[in-house]
Amino acid sequence: MKFEDLSLHKNLLRSVQDAGYEVATAIQEETIPCVLKGRDVVGCAQTGTGKTAAFALPLLQLLSTNEHRKTTGADQRRKRSGNRVIRALLLTPTRELAAQICDALYKYGKYTELRHTVVYGGVKQHSQVSALKRGVDILVATPGRLLDLMGQRHIDLRQIELLVLDEADQMLDMGFIDDLRRIVQTVPANRQTLMFSATMPPEIRKLSQQWLKRPVEVNVSPVASTPARVTQSVYYVEPSDKPTLLAEIIRSAKDPKTLVFSRTRRGADKIAKRLERDGIPAVSIHGEKSQSKRQATIRRFEKKNPPVLVATDVASRGLDFSGVSHVINYDLPEVPEIYVHRIGRTARAGEPGEAVSFCSGDERHRLRLIQRLTGDSIPIRESAMIAKRKNTPKPDVQLQPTEEKKDDQKRDDGKVSRASRPRFKQSGRRKAKAKRKGGSSSGKKPGRLKKFKASRKGTSGAKA
Ligand code: AMP
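From a predicted model like this one, the values you see are computed outputs, not experimental measurements. (Residues numbered from 1 in each chain as written. Predicted model: local features only at pLDDT ≥ 70, side-chain atom pairs only at ≥ 80, totals over all residues.)

(A) Representation of the overall build of the chain within the structure. In terms of regular secondary structure, the chain is built from 20 helices and 14 strands. Sequence separation of at least 24 residues holds for 74% of the intrachain contacts in the chain that already meet a minimum separation of 6. (Helix = DSSP H or I, 4+ residues; strand = E, 2+ residues; numbered from the N terminus. Contact = placed C-beta atoms within 7 Å.)

(B) Structural view of the nonpolar core. Judged by nonpolar contacts, the single largest core of 103 residues is most densely connected at Leu 59, Leu 89 and Ala 141. Element by element, the count of residues in this core is highest for helix α3 (residues 51–65), at 9 residues. Each of domain 1 (3–219) and domain 2 (230–391) gives at least three residues to this core. Ignoring anything within four residues of it in the chain, the contact list for Leu 59 reads Val 35, Ala 88, Leu 162 and Val 164. (Core = buried A, V, L, I, M, F, W, Y, C linked by C-beta atoms within 7 Å. Buried ≥ 20, exposed ≤ 12 C-beta atoms within 10 Å, placed from the backbone. Domains from an automatic or database assignment.)

(C) Just the sheet that holds strand β13 (residues 353–359), in detail. Strand order in this open sheet of 7 strands is β10-β11-β9-β12-β13-β8-β14, and the pairing throughout is parallel. Edge positions in the sheet fall to β10 (282–285) and β14 (380–381), since each of these pairs with one other strand and no more. Sheet topology places strand β12 (residues 326–329) next to β13; 4 bridges connect them, and they run parallel. Bridging from a neighbouring strand, Val 327 pairs with Ala 355 of β13. With respect to the sheet, helix α11 (residues 242–252) is in contact with β8 (230–236), β9 (258–261), β11 (308–311), β12 and β13, its orientation differing from that of β13 by roughly 165°. Contacts from helix α13 (residues 291–301) reach β10 and β11 within the one sheet, and its direction differs from that of β10 by about 140°. (Pairing = 2+ DSSP bridges. Axes fitted to C-alpha atoms, helices over the stretch in contact; angles between N-to-C directions.)

(D) Here's a closer look at the sheet that holds strand β7 (residues 216–219). Here 7 strands make up an open sheet; going across it, the order is β3-β4-β2-β5-β6-β1-β7 and the pairing parallel. Because the sheet does not close on itself, it has two edges, and the strands there are β3 (116–119) and β7. Neighbouring strand axes in the sheet, compared pairwise and without regard to direction, differ in orientation by 15° on average. Relative to strand β4 (residues 138–141), strand β2 (residues 88–91) is paired through 4 bridges, and the arrangement is parallel.

(E) Highlighting unusual backbone geometry. In this structure, Glu 167 is a non-glycine residue whose phi angle is positive, near 50°. Structurally, the position occupied by Glu 167 is in the loop between β5 (162–165) and α8 (168–173). Take Glu 167: there are 23 C-beta atoms within 10 Å of it, and that puts it in the buried class. Non-glycine residue Asp 255 carries a positive phi angle of around 45°. The topology assignment puts Asp 255 in the loop between α11 and β9.

(F) Main features of the environment of Lys 254. Turning to its location among the elements, Lys 254 is positioned in the loop between α11 and β9. Exposure remark for Lys 254: the 5 C-beta atoms within 10 Å place this residue in the exposed category. On a C-alpha basis, the gap between Lys 254 and Ser 325 in space is 9.5 Å, while along the polypeptide they are 71 residues apart.

(G) Examining helix α15 (residues 364–374) more closely. Where α15 is concerned, the buried positions are Arg 366, Ile 370 and Thr 374. Looking straight down α15, one finds that the buried residues subtend no more than 55° of arc, so they occupy a single side. Turned more than 90 degrees from where α15 packs its buried face, Arg 364, His 365, Arg 368 and Arg 372 sit exposed. As for α15, its buried residues are in contact with α14 (336–343). A positive phi of about 75° marks Gly 375, the residue just after α15. (Arc of directions from axis to C-beta.)

(H) Representation of helix α12 (residues 265–277) within the structure. Across its 13 residues, α12 extends 19 Å between first and last C-alpha, which sits within 8% of the 18 Å expected from 1.5 Å per residue. Buried within α12 we find Ala 268, Ile 271, Ala 272 and Leu 275. Seen along its axis, α12 keeps its buried residues to an arc of 95°; they face one direction. Structurally, α12 contributes buried residues whose contacts are with α11, β9, β10 and β11. Once α12 ends, the next one or two residues include Gly 279, with phi positive near 85°. (Expected span 1.5 Å × (residues − 1).)

(I) Seen up close, the packing of helix α2 (residues 26–36) against α3. Two numbers describe how α2 lies on α3: the axes approach to 9 Å, and their chain directions differ by 25°. By the angle between their directions, the pair α2 and α3 is classed as roughly parallel. Relative to α3, α2 is oriented so that their crossing is right-handed. For the pair α2 and α3, contact is made by Ile 27, Gln 28, Thr 31, Ile 32, Val 35 and Leu 36 and by Lys 51, Ala 53, Ala 54, Phe 55, Leu 57, Pro 58, Leu 59, Gln 61 and Leu 62, respectively. Of the residues that constitute the contact of α2 with α3, the class distribution is 11 nonpolar, 3 polar and 1 charged. (Parallel < 35°, antiparallel > 145°, perpendicular 65-115°, else oblique. Left-handed = near helix turned anticlockwise from the far one by under 90°. Nonpolar A, V, L, I, M, F, W, Y, C, P; charged D, E, K, R; others polar.)

Right under this line is the structure:
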């Protein structure tokens, strides 16, 4: 469907055209008309489907044409700083996603007179407070910083007409539920609410029943389906072989733009360091890095010839990196839905992409869960380098004992002596029998007296 058929204002159609979009994506086609009619929407959409424009375009239209005011009957805007009050609140789980939504609002709303800003933690609040004081119509926020600034009376949500909860399932995963409850209680009840989630677990359904009024359900793809244009594969590989395999895959790809996922922050740093040591430029991004470092890393990744980006799941959701050719799951995630979010970083906006997973022995159950959730049977691949290494017999020195030891162990008839065979623990009965025979059941060395007697007889102590 064309954007012209979605009853969008000409100013918004202009920005859509500038963005180079020709036709609306499935989620846009379904969501935009519902939002424009003032309906609450709960949307289940996989990443990279054009979800941001699906809520941002009608939101901008409602606020800029004041159509929304008629449908919700919101109070007259209070005359405050710059004659503006916050009329729409967009909540997201991570700073990166918040910044990205902010960019999208700029892109889609550049021909409107609406102002927006973003607040998130991890940076000083001064510039955020200044922007709020200048007055904004739309606020994009992460829950923690929002509550912080509300507590300091820099933010007033009493005039909110539109509330958008983006990546709702991740907000719950990250433990924001109490923060969300406090925020939702503060915004007026007669608002319009849109909730988007990549997955629809029962908790999200319950919240949508509590917070949304007779929502229209928009479901553009089956829950947790993987993007069709991603080519998936898995390597069965032991943890110690993962660094070699990673370097091999990156080296063999042509002009790759690679995003590697690690389960832990320390892991991400280690992988990036190891790649650097192997001569492959790499950087890591995770929650422990300062906001300015994270932003700088993202900028570097978006430039020409980017380094490999090794990320924890902070970066797996919502981030819209352009042209990622490979997503590599260095560790398989514990929660299978995360796999879907991770591989959704590639094959965005109709481009192809590759998702490669490393699965060690103790990660097999995770792979089973992923295949069960997605319904995909992921093809298994083998690394030529690792296979070659496994098939090459190791050098003699490692397999064979030294000449001296060999002689020690070999009996005259060429067989290995009893002493060098593996020892098993003797049972109590055997021990007693051995004692009765006078032998040493414990294999202890003979005492000094025995040795002395034996030497006088001219035999070895052990046989005495
Ligand atoms: P999102 O799922 O909102 O993160 O969007 C994923 C990517 O798709 C972004 O790079 C958007 O710029 C792009 N996009 C959104 N809508 C369209 C469209 N109708 N046609 C082509 N690309 C789009």
